[in-house]
Amino acid sequence: MITRIWLTFKQHRFETLAITVVCVVLTVGALIEAYRLSSLNVPISCFNGSYEFSGLGTPTYSAGAHCQALVDSFMGLQNGLPMNLVRIMLLLAPLLAGIVLGAPLVAREIEQGTAPLSWALSGSRRRWLLGKVLAGVVLLVPLMLAVGLAAEVLEGALDPGVDTHAAFQNYLGRGSFDVFWALAAFAGTVTLGTLFGRTMPAVIVAVIVCLFVRVAWEPGMARIVLRPMAVERTQMQGQFQTFYGGGNGVVIAPIAPTPSSGPSPSGGPSPSSEPSPSSEPSPPVIGYMPYWVQTDLYSYTQVFLDGKPFYGDPYTLPGYQMQFDASGNPIYPDPSTMPNWVDYAIPGSQYWPVVALESGFLLLGSLVFGAVALLWVDRRRPY
Amino acid sequence: MGADGGASTATATAALVAHGLSKRFRKKVALDSVDLSVPAGSITALVGPNGAGKTTLIRVCMAFERPNAGRVEVDGVDPWRHRSEALRRVGYVPQTPAVYRGLSVEDHLAMARSLHSGFDADYARRRLDQLGIPLDQRADTLSGGQGAQLGLAIALGTRAKVLLLDEPLANLDPLARREFIQVLLDAVRAEGSTALLSSHIVTDVEDACDRLAILGGGKVRLDCPLEEARRTHRLTDADSPPPGATAVGSFLGKGGQKVMTLWRLAGADTDGADGQSAAPETTSLEDVVLGYLAAGRGTAGLQLN
């Protein structure tokens, strides 16, 4: 098997070398960028400052000149070209690596007429394909693990003071997810290559499908698969996201979320759980988020009417628009006839279950694609 | 035996047998109820024009194509039902030299060894050494003849009982063709294996093969030993048929001045063929093949002024 893996690498030496070089460069680049950010040693309190304008003079930074210089440097690095390049590549690398390696694996054998030679020698085409797929997995897993870990380190540097394992900021583009994205793209593209028997069509279709899946994945998962993990945002006060410079930041001290209180599609929350953040007692302030950090994963907004889930268009309800009497005084509608929006989100404490579940889905998708390829390679013509 | 060639009773010792084998590609019939028997230990030339069904027949034997009707057995095994068992018994040389461009000759042997448990890499290496093909040379830098030899060495290295060669000579120069056939002959004689060599170059297979199968229009037109094919046919002009002979087909003679007709002699299955002389005259293999190919196409367009 080692011989076959090695020969597969030699056979696809361009793809192997290109992916290896890109991944190594990307890993090193991400670590360098993370180091540059971390080496600034910006105190978290510095991020809480804001620019104050007085007349026509230069705006001053409320946290002090020293903080201003540090934050400016931080932002300069964060918005610089190298950082943007690294972050875009970190996002695309797993998909591209899977596509570039997966497309020619079977398709090129068919295009170049070598499949009849291999299939005549190997009694089992499935074993032949497994050997080639194994070579791809052996290459992709360590490289993508390195890229994913570097992305994790970079994320930590971009969000100082935040536990990246309890926040969903860019969670699909770092850590072990890179491995699973790459494997799914690889398996899917191998399957397309086996179905089409041509490399370029497989690449084109794979790019379109992968981009669509990547974009649709998070909202799809959050609204459908992860729905049972969602809790009302009112129960998560202190974990809300906010924007850097917007108000006083946000308190980190969480009120313990109660995942078990997540809504059921049929029932929804009880009327007593209607949100009224202004009337809730404020949790104790023990710290501040440095800037925009997504500690929770947005799930969905549910409309309730009279304490029950409402699935129609709330804007058509009779009480929604303000009515006036003959004297021009507003007629206040019965509150129970007014629609009530409730935000649900998945708290950061659910980070690892979410990662496990979504990784499992990606792995399952890879296995399904692989099974289709194995079935089809057994049936198709080698030319 | 084919439609015109009489019945074969040698299926018990046949290395490759096809019974009523049919294969269609949409409306195009590639094989039409083909019955063929290739005796063990023989080298059979499978001859026919382009589109006759030669490649399809070999591909069905390799389980690359599924027959629409009938069946084929390679060394007693149906390749479509028991693919891995059948392929262990077959060495295959494809039409164009199928080599991995980025791999060396030695890499090809290593790959064959990793894919085929019984592959004899030393045997293949010796064959290539004898031909002076460097093992460390990249396959994409081999000449056409060397590429074909590499394909043959891999097929021979499987030590298979049956060799299926799909027009391996088509793209080779005359010297490379001669070398290829010599290597094939040596190996088959030494190993006692069976070979089915598909080609449309009659002169190349004439010296190498001991048996002839002519395919035309998806049907077997003739299937008999080479010597019998020569002995039992006569080529004359259309106006002077041998006594009791049956016309096979007419085609333009050499020089293009005269329409010639191939005749199958009466009592062709018996020794002596025409029964008129102790040392019977023979017809060239090329004329026999041309006659059957012309029969497949019809004689339209062959009338001269």
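Residues numbered from 1 in each chain as written. Chains lettered and ligands numbered in written order. Predicted model: local features only at pLDDT ≥ 70, side-chain atom pairs only at ≥ 80, totals over all residues. Heavy atoms only, no water.

## Examining the overall build of chain B
- Within chain B one finds nine helices and 12 strands.
- A burial count over chain B gives 56% of its 305 residues as buried.
- Contacts in chain B between residues far apart in sequence, at least 24 positions, make up 69% of those at least 6 positions apart.
- Counting only carbon and sulfur atoms, one obtains 46% of the accessible surface of chain B, whose full area is about 13,200 Å². (Helix = DSSP H or I, 4+ residues; strand = E, 2+ residues; numbered from the N terminus. Buried < 20%, exposed > 50% of the residue type's maximum accessible area, 1.4 Å probe, protein only. Contact = heavy atoms within 4.5 Å. Areas by Shrake-Rupley, 256 points an atom, 1.4 Å probe, with all protein chains shown as cover.)

## Description of the sheet that holds strand β12 (residues 259-264) of chain B
Residue and element names in this part refer to chain B.
- Spatially, the three strands line up as an open sheet ordered β10-β12-β11, and their pairing is antiparallel. A single partner strand is all that each edge strand has here, and the edge strands are β10 (233-237) and β11 (246-252). Geometrically, the sheet is characterised by an average inter-axis angle of 25° between neighbouring strands, direction not taken into account.
- Pairing of β10 with β12 involves five bridges; the strand directions are antiparallel. Residue pairing for β12: His233 is matched across the bridge by Arg264. (Pairing = 2+ DSSP bridges. Axes fitted to C-alpha atoms, helices over the stretch in contact; angles between N-to-C directions.)

## Side note on the pairing of strand β8 (residues 339-346) of chain A
Residue and element names in this part refer to chain A.
- The buried fraction of β8 amounts to six of the eight residues, a majority that puts the element mostly inside the structure.
- Pairing geometry for strand β3 (residues 231-232) and β8, over two bridges, is antiparallel. In the strand pairing of β8, Val231 is matched with Ala345.

## Things to note about the confidence of the model for chain B
Residue and element names in this part refer to chain B.
- A residue-level look at chain B finds 88% of positions with pLDDT of 70 or above and a mean pLDDT of 83.
- In this model residues 1-12 is a low-confidence stretch, pLDDT under 50, and it forms 21 contacts with partners more than four residues away in sequence or in other chains.
- Per-residue pLDDT stays below 50 along residues 299-305; that stretch engages in 10 contacts with residues further than four places along the chain or on separate chains. (pLDDT = per-residue confidence, 0-100.)

## As for the side chain of Ser199 of chain B
- Relative to the helices and strands, Ser199 of chain B is located in strand β7 (residues 194-199).
- Owing to a relative accessible area of 3%, Ser199 of chain B belongs among the buried residues under this scheme.

## Looking at helix α2 (residues 13-38) of chain A
Residue and element names in this part refer to chain A.
- Across its 26 residues, α2 extends 37 Å between first and last C-alpha, which sits within 8% of the 38 Å expected from 1.5 Å per residue.
- Among the residues making up α2, those that are buried are Glu15, Thr16, Ile19, Cys23, Leu26, Thr27, Gly29, Ala30, Glu33, Ala34 and Leu37.
- Its buried side turned inward, α2 meets α1 (2-11), α3 (65-78), α4 (81-111) and α6 (125-158). (Expected span 1.5 Å × (residues − 1).)

## A word on helix α4 (residues 121-130) of chain B
Residue and element names in this part refer to chain B.
- All buried positions along α4 are accounted for by Ala121, Tyr123, Ala124, Arg125, Arg127 and Leu128.
- Where α4 is buried, its residues meet α3 (105-115), α5 (144-157) and α6 (174-191).
- For α4, the capping residue at the N-terminal end is Asp120, with a side-chain oxygen 3.3 Å from the backbone nitrogen of Asp122.
- Downstream of α4 by a residue or two, Gly132 has a phi angle that is positive, lying close to 70°. (Polar contact = N/O pair within 3.5 Å; in protein donor to acceptor, adjacent residues only side chain to side chain.)

## A word on the sheet that holds strand β3 (residues 43-47) of chain B
Residues and elements named next belong to chain B.
- The mixed open sheet is built from six strands, whose spatial order is β5-β6-β7-β3-β8-β9. The sheet is open, and its two borders are formed by β5 (90-93) and β9 (219-225), each paired with just one other strand. Taken over all neighbouring pairs, the strand axes of this sheet differ in orientation by 15° on average, direction set aside.
- For β3 and strand β8 (residues 211-216), the ladder comprises four bridges, and the chain directions are parallel. Within the sheet, the bridge partner assigned to Leu46 lies in β8 and is Ala213.
- Contacting β3, β5, β6 (162-166), β7 and β8, helix α1 (residues 54-61) runs over the sheet at an angle of about 145° to β6.

## Concerning the packing of aromatic side chains
- Applying the stated criterion to the full structure yields seven aromatic pairs over all chains.
- Their ring planes at 45° and their centres at 5.7 Å tell us that Phe168 of chain A and Tyr351 of chain A sit as a pair that is tilted. Of this pair, Phe168 of chain A sits in the loop between α6 and α7 (177-196) while Tyr351 of chain A sits in helix α9 (residues 351-379), and the two are 183 residues apart along the sequence. Both residues of the pair, Phe168 of chain A and Tyr351 of chain A, belong to the buried class.
- A centroid spacing of 5.3 Å and a plane angle of 70° characterise the contact between Trp181 of chain A and Trp217 of chain A, whose relative ring orientation is edge-to-face. You can see Trp181 of chain A sitting in helix α7 and its partner Trp217 of chain A sitting in helix α8 (residues 199-225), a full 36 residues away along the chain.
- One aromatic cluster in this structure is built from Phe168, Tyr171, Phe177, Tyr351 and Trp352 of chain A.
- Positioned above the aromatic ring of Tyr123 of chain B is the side chain of Arg159 of chain B, whose terminal nitrogen or guanidinium carbon lies 3.8 Å from the ring centre. (Phe/Tyr/Trp six-rings, centres within 6.5 Å; stacked < 30°, edge-to-face > 60°. Lys NZ or Arg CZ within 6 Å of the ring centre and 35° of its normal.)

## Re the pattern of salt bridges
- Applying the stated criterion to the full structure yields 25 salt bridges over all chains.
- A salt bridge links Arg83 of chain B to Asp378 of chain A, with the shortest nitrogen-to-oxygen separation between them at 2.8 Å. Remark: Asp378 of chain A occurs in helix α9 and Arg83 of chain B occurs in helix α2 (residues 83-87); the pair is interchain, linking two chains.
- In this structure Arg83 of chain B comes out as buried when scored by relative accessible area, which is 13%.
- Owing to a relative accessible area of 21%, Asp378 of chain A belongs among the partly exposed residues under this scheme.
- Residues Lys219 of chain B and Asp32 of chain B are paired through a salt bridge, measuring 3.2 Å at the closest nitrogen-oxygen approach. Of this pair, Lys219 of chain B sits in strand β9 while Asp32 of chain B is found in strand β2 (residues 28-39), placing the two residues 187 residues apart along the sequence.
- Of the residues examined, Lys219 of chain B reaches a relative accessible area of 33% and is grouped as partly exposed.
- Take Asp32 of chain B: its relative accessible area is 28%, and that puts it in the partly exposed class.
- One network of salt bridges, with partners in common, ties together Asp75, Glu85, Arg89 and Lys161 of chain B. (Salt bridge = Lys/Arg side-chain N within 4 Å of Asp/Glu carboxyl O.)

## Points about the nonpolar core
- Residues Leu154 of chain A together with Met62 and Leu164 of chain B are the most contacted members of the largest nonpolar core, which totals 101 residues.
- Once you skip the residues sitting within four places of it in the chain, Leu164 of chain B turns out to touch Leu16, Ile58, Cys61, Met62, Val90, Gly91, Tyr92, Val93 and Leu196 of chain B.
- One finds Val93, Ala208, Ala229 and Val288 of chain B within the second-largest nonpolar core, a separate group that totals 40 residues. (Core = buried A, V, L, I, M, F, W, Y, C linked by side-chain atoms within 4.5 Å.)

## A look at the interface of chain A and chain B
- Contacts between the two partners involve 24 residues from chain A and, on the opposite side, 28 residues from chain B.
- Buried surface at the junction of chain A and chain B, both sides included, amounts to about 2,400 Å², of which 60% is carbon and sulfur.
- Linking chain A to chain B there are three salt bridges.
- Remark: the boundary between chain A and chain B carries eight residue pairs in polar contact (both at pLDDT 80 or more).
- Listing elements by their share of the side of chain A that touches chain B, those giving two or more residues are α1, α5 (115-121) and α6 of chain A.
- Considering every element that reaches the side of chain A that touches chain B, the biggest residue donor is α5 of chain A, with six residues. (Buried area = accessible area lost by both parts, 1.4 Å probe.)

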